[in-house]
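# Residue-level structural notes
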Amino acid sequence: MEKSPETKSVNEQAAEDLFNFAVDREDIKLLMTGLHEAADIKRNAVEYELQILKIISVGWAISYYLENYAQKDLIGAAYWRTIQEFSKNLSDTYGLFVSQSIDYFQILKDRLKTYVNALHQKPDAPEPAVIIGPVFADLCGNRNDAFTVLTGSKMFISTIGCVKQYIENIGVKQAM
């Protein structure tokens, strides 16, 4: 039985709100519209990877901005549990259409691992977006396309900024 919205804890509501933000596609549409027509990249690959980057950036931001707070594990676990359910539904639906099974959650985990490994290889980078952008472009098929690098960096910076602002605005840190 689901709790009514009135009885959800701050942590449960935060995880739900962050999930809804992660799967919302409005900013992806804007970034795709803004992707320069001279970009030497397959646009459908960019759109696909933007959604993945957004989902894992939200998860990363939860851990980062709540690093020293008890809510990190509660919100993070609830967020990733919801992402896992979403991924299963997406995988099942996609499998019906193409008669081929995929594991979208495994794809998310693999991408997260790719980004984290890249960040660990360059710990002295001035900020994570400097690493994320080129890795994003590489995953899209052309590491050297400046427009795609910029698009990935924008998604990462925008996403983590929104999560930070959300966490600050709802006072999650004070709800211990």
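Residues numbered from 1 in each chain as written. Predicted model: local features only at pLDDT ≥ 70, side-chain atom pairs only at ≥ 80, totals over all residues. Heavy atoms only, no water.

## Remarks on the overall build of the chain
- Regarding its fold elements, the chain presents 7 helices and 0 strands.
- Along the three orthogonal principal directions, the C-alpha set of the chain runs to about 50 × 45 × 30 Å.
- Out of the 176 residues in the chain, the part that is buried amounts to 41%.
- Taking the intrachain contacts of the chain between residues at least 6 apart in sequence as the baseline, contacts between residues at least 24 apart amount to 68%.
- Accessible area for the chain stands at about 10,300 Å²; split by element, carbon and sulfur atoms hold 53% of it.
- Of the charged side chains in the chain, 18 are positive and 23 negative; the average position of the first set lies 3 Å away from that of the second. (Helix = DSSP H or I, 4+ residues; strand = E, 2+ residues; numbered from the N terminus. Buried < 20%, exposed > 50% of the residue type's maximum accessible area, 1.4 Å probe, protein only. Contact = heavy atoms within 4.5 Å. Areas by Shrake-Rupley, 256 points an atom, 1.4 Å probe, with all protein chains shown as cover. Lys, Arg positive; Asp, Glu negative; His and termini not counted. Charge placed at Lys NZ, Arg CZ, Asp CG, Glu CD.)

## Notes on the packing of aromatic side chains
- Using the criterion set out here, one finds 6 aromatic pairs in the structure.
- Plain terms: the ring middles of F19 and F86 are 5.7 Å apart, the flat faces sit at 70° to each other, and that makes the pair edge-to-face. Residue F19 is found in helix 1 (residues 10-23), and its partner F86 is found in helix 4 (residues 71-98); the two are separated by 67 residues along the sequence.
- Note on W60 and Y64: the rings are 5.0 Å apart at their centroids and 10° apart in plane angle, and the pair reads as stacked. Here W60 and its partner Y64 are both found in helix 3 (residues 43-65), 4 residues apart, which amounts to about one turn of the helix.
- Overall, the relative accessible area of 23% leaves W60 in the partly exposed class.
- Put simply, the rings of W60, Y64, Y65 and F156 pair up and form one aromatic cluster.
- If you follow K54 out to its NZ or CZ, it ends over the ring of F21, 4.4 Å from the centre. (Phe/Tyr/Trp six-rings, centres within 6.5 Å; stacked < 30°, edge-to-face > 60°. Lys NZ or Arg CZ within 6 Å of the ring centre and 35° of its normal.)

## With respect to helix 5 (residues 104-121)
- The end-to-end C-alpha distance of helix 5, which contains 18 residues, comes to 26 Å, matching closely the 26 Å that a straight helix rising 1.5 Å per residue would cover.
- Y104, F105, I107, L108, R111, Y115, A118 and L119 are the residues of helix 5 that are buried. Buried residues in helix 5, looked at end-on, bunch into an arc of 160°, giving them a common side. Projecting away from the buried face of helix 5 at angles above 90 degrees are the exposed residues K113, H120 and Q121. (Expected span 1.5 Å × (residues − 1). Arc of directions from axis to C-beta.)

## Some remarks on the packing of helix 3 against helix 4
- At a minimum axis separation of 9 Å, helix 3 and helix 4 run at an interaxial angle of 165°. Taken together, helix 3 and helix 4 sit at an angle that is classed as roughly antiparallel. In this structure, the crossing between helix 3 and helix 4 has a hand that is left-handed. Taken together, the residues of helix 4 that come into contact with helix 3 (itself represented by I55, I56, V58, G59, I62 and S63) are K72, I75, G76, Y79, W80, I83 and F86. (Axes fitted to C-alpha atoms, helices over the stretch in contact; angles between N-to-C directions. Parallel < 35°, antiparallel > 145°, perpendicular 65-115°, else oblique. Left-handed = near helix turned anticlockwise from the far one by under 90°.)

## A few points about the nonpolar core
- Counting residues in hydrophobic clusters, the biggest one holds 45 residues, and the most contacted among them are L18, V46, L50, Y79 and L108.
- For this core, the leading source of residues is helix 3, giving 10 residues.
- Setting aside anything within four residues of it in sequence, one finds L108 in contact with I52, I55, I56, I83 and S87. (Core = buried A, V, L, I, M, F, W, Y, C linked by side-chain atoms within 4.5 Å.)

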